[in-house]
Amino acid sequence: MIGVFDSGMGGLTAIKQIVKMMPQEDIIYFGDTGRVPYGTRSKDTIIKYSRQDVRFLLSKGVDAILIACGTVSANAIDILRSEFNVPIFGVVEAAAEKACELTGNGKVGIIGTNATVKSGAYVKHINAIRPDIETVSTPCPLFVPLVENGFTDAEDEITRLCAKRYLEDIKSFGADTLILGCTHYPIIAPVISKVLPGVDLVNTGAEAAKKLFESISPRGGSGRIEYYVSDDVDSFKSAASTFLEMPVGDNVFKVDIEKY
Ligand code: DGL
(Lines give C-alpha, C1' and ligand atoms only; values in the text may rest on other atoms or scores of the structure.)
Protein backbone atom coordinates (compact mmCIF):
# COMPACT_ATOMS: atom_id res chain seq x y z
CA MET A 1 0.00 0.00 0.00
CA ILE A 2 1.33 3.41 -1.00
CA GLY A 3 1.11 6.46 1.24
CA VAL A 4 0.89 9.88 -0.39
CA PHE A 5 0.83 13.19 1.43
CA ASP A 6 0.65 16.91 0.86
CA SER A 7 -0.22 19.99 2.86
CA GLY A 8 -3.67 19.96 1.23
CA MET A 9 -5.23 19.18 -2.15
CA GLY A 10 -2.09 19.57 -4.26
CA GLY A 11 -1.05 15.95 -3.87
CA LEU A 12 -4.17 14.91 -5.78
CA THR A 13 -2.19 15.80 -8.92
CA ALA A 14 0.00 12.81 -8.08
CA ILE A 15 -2.97 10.59 -7.18
CA LYS A 16 -4.47 11.26 -10.61
CA GLN A 17 -1.32 9.94 -12.28
CA ILE A 18 -0.89 6.96 -9.92
CA VAL A 19 -4.47 5.84 -10.60
CA LYS A 20 -3.81 6.05 -14.36
CA MET A 21 -0.70 3.89 -14.17
CA MET A 22 -1.47 1.62 -11.22
CA PRO A 23 -5.26 1.26 -10.97
CA GLN A 24 -4.96 -1.78 -8.70
CA GLU A 25 -2.85 -0.01 -6.10
CA ASP A 26 -4.31 0.63 -2.65
CA ILE A 27 -3.47 4.17 -1.54
CA ILE A 28 -3.69 6.14 1.68
CA TYR A 29 -3.72 9.90 1.02
CA PHE A 30 -3.17 12.47 3.72
CA GLY A 31 -3.88 16.17 3.07
CA ASP A 32 -2.95 18.42 5.97
CA THR A 33 -5.85 20.79 5.29
CA GLY A 34 -5.87 22.08 8.85
CA ARG A 35 -2.29 23.35 8.60
CA VAL A 36 -1.97 24.33 4.93
CA PRO A 37 0.05 26.23 3.68
CA TYR A 38 3.43 24.76 4.56
CA GLY A 39 5.29 26.95 2.10
CA THR A 40 5.24 30.11 4.20
CA ARG A 41 6.64 28.31 7.27
CA SER A 42 10.17 27.80 8.57
CA LYS A 43 12.21 24.73 7.66
CA ASP A 44 11.94 23.50 11.26
CA THR A 45 8.15 23.62 11.16
CA ILE A 46 8.03 21.92 7.75
CA ILE A 47 10.22 19.11 9.14
CA LYS A 48 8.07 18.79 12.26
CA TYR A 49 4.82 18.60 10.25
CA SER A 50 6.19 16.18 7.70
CA ARG A 51 7.50 13.81 10.40
CA GLN A 52 3.94 13.65 11.77
CA ASP A 53 2.55 13.07 8.27
CA VAL A 54 4.94 10.15 7.70
CA ARG A 55 4.22 8.65 11.15
CA PHE A 56 0.50 8.78 10.41
CA LEU A 57 0.89 7.04 7.03
CA LEU A 58 3.11 4.35 8.58
CA SER A 59 0.45 3.76 11.25
CA LYS A 60 -1.88 2.85 8.36
CA GLY A 61 0.54 0.19 7.13
CA VAL A 62 1.96 1.80 3.96
CA ASP A 63 5.22 0.36 2.64
CA ALA A 64 6.27 3.22 0.34
CA ILE A 65 5.68 6.95 0.60
CA LEU A 66 5.36 9.61 -2.04
CA ILE A 67 5.83 13.15 -0.77
CA ALA A 68 3.46 14.86 -3.19
CA CYS A 69 4.51 18.27 -1.92
CA GLY A 70 7.25 20.45 -3.37
CA THR A 71 7.81 22.24 -0.09
CA VAL A 72 8.42 19.07 1.93
CA SER A 73 10.43 17.43 -0.88
CA ALA A 74 12.66 20.51 -1.10
CA ASN A 75 13.15 21.00 2.64
CA ALA A 76 12.79 17.73 4.50
CA ILE A 77 13.31 14.68 2.29
CA ASP A 78 16.88 13.93 3.43
CA ILE A 79 15.89 14.02 7.09
CA LEU A 80 12.78 11.89 6.51
CA ARG A 81 14.78 9.34 4.51
CA SER A 82 17.37 9.11 7.29
CA GLU A 83 14.78 8.72 10.05
CA PHE A 84 12.22 6.34 8.54
CA ASN A 85 12.90 2.86 7.26
CA VAL A 86 10.64 2.96 4.21
CA PRO A 87 11.28 4.02 0.60
CA ILE A 88 10.43 7.74 0.32
CA PHE A 89 9.96 9.42 -3.06
CA GLY A 90 9.80 13.18 -3.61
CA VAL A 91 8.90 15.47 -6.48
CA VAL A 92 12.11 17.47 -6.93
CA GLU A 93 14.41 14.92 -8.62
CA ALA A 94 11.72 13.69 -11.02
CA ALA A 95 10.71 17.20 -12.07
CA ALA A 96 14.31 18.38 -12.49
CA GLU A 97 15.05 15.41 -14.77
CA LYS A 98 11.97 16.12 -16.88
CA ALA A 99 12.83 19.82 -17.24
CA CYS A 100 16.37 18.96 -18.38
CA GLU A 101 14.92 16.62 -20.99
CA LEU A 102 12.34 19.13 -22.25
CA THR A 103 14.24 22.39 -22.54
CA GLY A 104 15.46 23.35 -25.98
CA ASN A 105 16.96 26.76 -25.24
CA GLY A 106 18.50 25.81 -21.87
CA LYS A 107 16.33 28.28 -19.94
CA VAL A 108 14.13 26.82 -17.22
CA GLY A 109 11.77 28.76 -14.97
CA ILE A 110 10.86 27.46 -11.54
CA ILE A 111 7.88 28.51 -9.48
CA GLY A 112 7.08 27.27 -6.02
CA THR A 113 6.31 28.30 -2.49
CA ASN A 114 8.59 30.68 -0.57
CA ALA A 115 10.21 27.79 1.30
CA THR A 116 10.78 25.81 -1.90
CA VAL A 117 12.39 28.68 -3.79
CA LYS A 118 14.50 29.59 -0.76
CA SER A 119 15.81 26.00 -0.56
CA GLY A 120 17.23 26.16 -4.10
CA ALA A 121 16.51 22.43 -4.41
CA TYR A 122 15.22 22.42 -8.01
CA VAL A 123 18.15 24.56 -9.24
CA LYS A 124 20.63 22.26 -7.48
CA HIS A 125 19.16 19.14 -9.06
CA ILE A 126 18.89 20.70 -12.52
CA ASN A 127 22.48 21.91 -12.50
CA ALA A 128 23.71 18.56 -11.17
CA ILE A 129 22.30 17.00 -14.35
CA ARG A 130 23.05 19.88 -16.76
CA PRO A 131 25.30 22.66 -15.45
CA ASP A 132 24.72 24.63 -18.67
CA ILE A 133 21.03 25.27 -17.92
CA GLU A 134 20.12 28.76 -16.73
CA THR A 135 17.24 29.17 -14.30
CA VAL A 136 15.01 31.87 -12.85
CA SER A 137 12.98 31.04 -9.73
CA THR A 138 9.93 32.94 -8.47
CA PRO A 139 7.88 32.26 -5.34
CA CYS A 140 4.11 32.40 -5.93
CA PRO A 141 2.65 32.25 -2.39
CA LEU A 142 -0.88 33.29 -3.37
CA PHE A 143 -1.39 30.36 -5.73
CA VAL A 144 -1.93 27.81 -2.92
CA PRO A 145 -4.76 29.70 -1.17
CA LEU A 146 -6.34 30.41 -4.57
CA VAL A 147 -6.40 26.69 -5.37
CA GLU A 148 -7.52 25.64 -1.88
CA ASN A 149 -10.39 28.14 -2.14
CA GLY A 150 -11.51 27.00 -5.58
CA PHE A 151 -10.28 29.92 -7.74
CA THR A 152 -9.27 27.38 -10.36
CA ASP A 153 -11.35 28.14 -13.43
CA ALA A 154 -9.28 28.76 -16.57
CA GLU A 155 -11.08 32.11 -16.97
CA ASP A 156 -10.81 33.20 -13.33
CA GLU A 157 -9.90 36.87 -13.41
CA ILE A 158 -8.23 37.02 -9.98
CA THR A 159 -6.02 34.01 -10.62
CA ARG A 160 -5.10 35.36 -14.06
CA LEU A 161 -4.03 38.75 -12.68
CA CYS A 162 -2.04 37.05 -9.97
CA ALA A 163 -0.32 34.76 -12.50
CA LYS A 164 0.46 37.70 -14.77
CA ARG A 165 2.21 39.55 -11.94
CA TYR A 166 4.12 36.52 -10.65
CA LEU A 167 5.27 35.26 -14.05
CA GLU A 168 6.65 38.54 -15.44
CA ASP A 169 10.31 37.74 -14.71
CA ILE A 170 10.04 34.25 -16.14
CA LYS A 171 8.45 35.62 -19.28
CA SER A 172 11.15 38.24 -19.86
CA PHE A 173 13.85 35.65 -19.09
CA GLY A 174 12.54 33.62 -22.05
CA ALA A 175 12.19 30.22 -20.37
CA ASP A 176 10.85 27.54 -22.71
CA THR A 177 10.12 25.19 -19.78
CA LEU A 178 8.52 25.93 -16.43
CA ILE A 179 8.61 23.65 -13.40
CA LEU A 180 5.35 23.93 -11.47
CA GLY A 181 7.39 23.35 -8.32
CA CYS A 182 4.38 23.08 -6.04
CA THR A 183 1.87 20.27 -6.55
CA HIS A 184 -1.05 22.67 -6.24
CA TYR A 185 -0.04 24.57 -9.38
CA PRO A 186 -1.06 22.05 -12.09
CA ILE A 187 -4.64 22.67 -10.97
CA ILE A 188 -4.31 26.19 -12.44
CA ALA A 189 -2.09 25.14 -15.37
CA PRO A 190 -4.58 26.52 -17.97
CA VAL A 191 -4.28 29.99 -16.41
CA ILE A 192 -0.48 29.74 -16.30
CA SER A 193 -0.39 28.64 -19.96
CA LYS A 194 -2.40 31.67 -20.98
CA VAL A 195 0.23 33.93 -19.45
CA LEU A 196 3.13 31.87 -20.84
CA PRO A 197 1.90 30.49 -24.18
CA GLY A 198 4.15 27.87 -25.77
CA VAL A 199 6.07 27.15 -22.56
CA ASP A 200 6.25 23.48 -21.54
CA LEU A 201 4.89 23.00 -18.01
CA VAL A 202 6.33 20.29 -15.78
CA ASN A 203 3.71 18.74 -13.49
CA THR A 204 5.80 17.76 -10.48
CA GLY A 205 3.23 15.45 -8.86
CA ALA A 206 2.69 13.53 -12.10
CA GLU A 207 6.44 13.21 -12.79
CA ALA A 208 7.02 11.92 -9.26
CA ALA A 209 4.22 9.38 -9.70
CA LYS A 210 5.86 8.13 -12.93
CA LYS A 211 9.16 7.72 -11.11
CA LEU A 212 7.41 5.79 -8.34
CA PHE A 213 5.82 3.54 -10.97
CA GLU A 214 9.26 2.75 -12.45
CA SER A 215 10.73 2.04 -9.03
CA ILE A 216 8.25 -0.19 -7.24
CA SER A 217 6.66 -3.45 -8.24
CA PRO A 218 2.85 -3.53 -8.43
CA ARG A 219 1.29 -5.06 -5.34
CA GLY A 220 -2.04 -5.99 -6.94
CA GLY A 221 -4.47 -4.53 -4.41
CA SER A 222 -8.11 -3.65 -4.98
CA GLY A 223 -7.57 -0.03 -6.07
CA ARG A 224 -9.08 1.35 -2.87
CA ILE A 225 -8.10 4.91 -1.98
CA GLU A 226 -8.68 6.29 1.50
CA TYR A 227 -8.33 10.02 2.04
CA TYR A 228 -7.49 11.53 5.40
CA VAL A 229 -7.56 15.25 6.18
CA SER A 230 -6.84 17.30 9.28
CA ASP A 231 -9.81 19.67 8.80
CA ASP A 232 -13.31 19.64 7.33
CA VAL A 233 -14.15 16.39 5.52
CA ASP A 234 -17.04 17.69 3.40
CA SER A 235 -15.22 20.57 1.74
CA PHE A 236 -12.37 18.22 0.82
CA LYS A 237 -14.85 15.66 -0.56
CA SER A 238 -16.47 18.01 -3.04
CA ALA A 239 -13.26 19.72 -4.15
CA ALA A 240 -11.39 16.41 -4.51
CA SER A 241 -14.17 14.73 -6.50
CA THR A 242 -14.27 17.66 -8.92
CA PHE A 243 -10.56 17.78 -9.31
CA LEU A 244 -9.98 14.03 -9.66
CA GLU A 245 -13.02 13.66 -11.93
CA MET A 246 -14.04 10.63 -9.92
CA PRO A 247 -16.11 10.37 -6.77
CA VAL A 248 -14.14 10.08 -3.55
CA GLY A 249 -17.35 8.81 -1.97
CA ASP A 250 -17.36 8.14 1.74
CA ASN A 251 -13.67 7.35 1.83
CA VAL A 252 -12.70 10.66 3.44
CA PHE A 253 -11.88 10.70 7.14
CA LYS A 254 -10.66 13.24 9.65
CA VAL A 255 -7.47 12.63 11.60
CA ASP A 256 -5.95 14.47 14.55
CA ILE A 257 -2.47 14.80 13.07
CA GLU A 258 -1.06 16.47 16.19
CA LYS A 259 -1.26 13.07 17.92
CA TYR A 260 1.41 11.56 15.63
N1 DGL B 1 1.49 21.34 -2.55
C2 DGL B 1 2.43 22.02 -1.69
C3 DGL B 1 3.75 22.11 -2.40
O4 DGL B 1 3.91 21.36 -3.35
C5 DGL B 1 1.77 23.26 -1.24
C6 DGL B 1 2.59 24.14 -0.43
C7 DGL B 1 2.01 24.81 0.73
O8 DGL B 1 1.35 24.16 1.51
O9 DGL B 1 2.32 25.98 0.88
O10 DGL B 1 4.64 22.85 -2.10
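Heads up: the structure comes first, above all this text.
Residues numbered from 1 in each chain as written. Predicted model: local features only at pLDDT ≥ 70, side-chain atom pairs only at ≥ 80, totals over all residues. Heavy atoms only, no water.

## So, the packing of helix α1 (residues 12-21) against helix α11 (residues 204-215)
Stage number 1. As a packed pair, α1 and α11 sit with axes 7 Å apart at the nearest point and diverge in direction by 40°. You can see that α1 and α11 cross each other, and the crossing is right-handed. Packed against α1, whose contacting residues are Thr13, Ala14, Gln17, Ile18 and Met21, the element α11 presents Gly205, Ala206, Ala209, Lys210, Leu212 and Phe213 at the interface.
Stage number 2. Here the contact of α1 with α11 is built from residues that sort into seven nonpolar, three polar and one charged. (Axes fitted to C-alpha atoms, helices over the stretch in contact; angles between N-to-C directions. Helix = DSSP H or I, 4+ residues; strand = E, 2+ residues; numbered from the N terminus. Left-handed = near helix turned anticlockwise from the far one by under 90°. Contact = heavy atoms within 4.5 Å. Nonpolar A, V, L, I, M, F, W, Y, C, P; charged D, E, K, R; others polar.)

## Description of the pattern of salt bridges
Stage number 1. Applying the stated criterion across every chain yields a total of 13 salt bridges.
Stage number 2. Residue Lys194 is joined to Glu155 by a salt bridge in which the shortest nitrogen-to-oxygen separation is 2.7 Å. Here Lys194 is found in helix α10 (residues 189-195), whereas its partner Glu155 is found in the loop between α7 (143-148) and α8 (157-166), with 39 residues between them in sequence.
Stage number 3. Exposure remark for Glu155: the relative accessible area of 55% places this residue in the exposed category.
Stage number 4. Here Glu207 makes a salt bridge to Lys210, at a shortest N to O gap of 3.1 Å. With Glu207 and Lys210 both in helix α11 and three residues apart, the pair spans about one turn of that helix.
Stage number 5. Residue class for Glu207 comes out buried when judged on its relative accessible area of 12%.
Stage number 6. On the accessibility criterion, Lys210 (30% relative accessible area) is partly exposed.
Stage number 7. Beyond isolated ion pairs, a larger network of salt bridges with shared partners links Asp32, Arg35, Asp53 and Glu258. (Salt bridge = Lys/Arg side-chain N within 4 Å of Asp/Glu carboxyl O. Buried < 20%, exposed > 50% of the residue type's maximum accessible area, 1.4 Å probe, protein only.)

## Digging into the pairing of strand β9 (residues 225-229)
Moving residue by residue along a regular strand, the side chains alternate between the two faces of the sheet.
Stage number 1. Counting buried residues in β9 gives five out of five residues, a clear majority hidden from the surface.
Stage number 2. The two faces of β9 match: Ile225, Tyr227 and Val229 on one face and Glu226 and Tyr228 on the other face are all buried.
Stage number 3. Pairing analysis gives five bridges linking strand β2 (residues 27-31) to β9, with the strands arranged parallel. If you follow Phe30 over to β9, its bridge partner there is Tyr228.
Stage number 4. Of the strand pairs in this sheet, β9 and strand β10 (residues 252-254) are connected by three bridges, and their pairing is parallel. Bridge pairing links Tyr228 to Phe253 in β10. (Pairing = 2+ DSSP bridges.)

## Describing the sheet that holds strand β5 (residues 107-112)
Stage number 1. If you walk across this open sheet you meet the four strands as β6-β5-β7-β8, and the pairing is parallel. Looking along the sheet, the strands with just one partner apiece sit at the ends: β6 (134-139) and β8 (200-203). Geometrically, the sheet is characterised by an average inter-axis angle of 20° between neighbouring strands, direction not taken into account.
Stage number 2. As paired strands, β5 and β6 are joined by six bridges and run parallel to one another. Following the sheet pairing, Lys107 is matched in β6 by Glu134.
Stage number 3. The sheet strands contacting α11 are β7 (177-180) and β8, and the helix crosses β8 at an angle near 55°.

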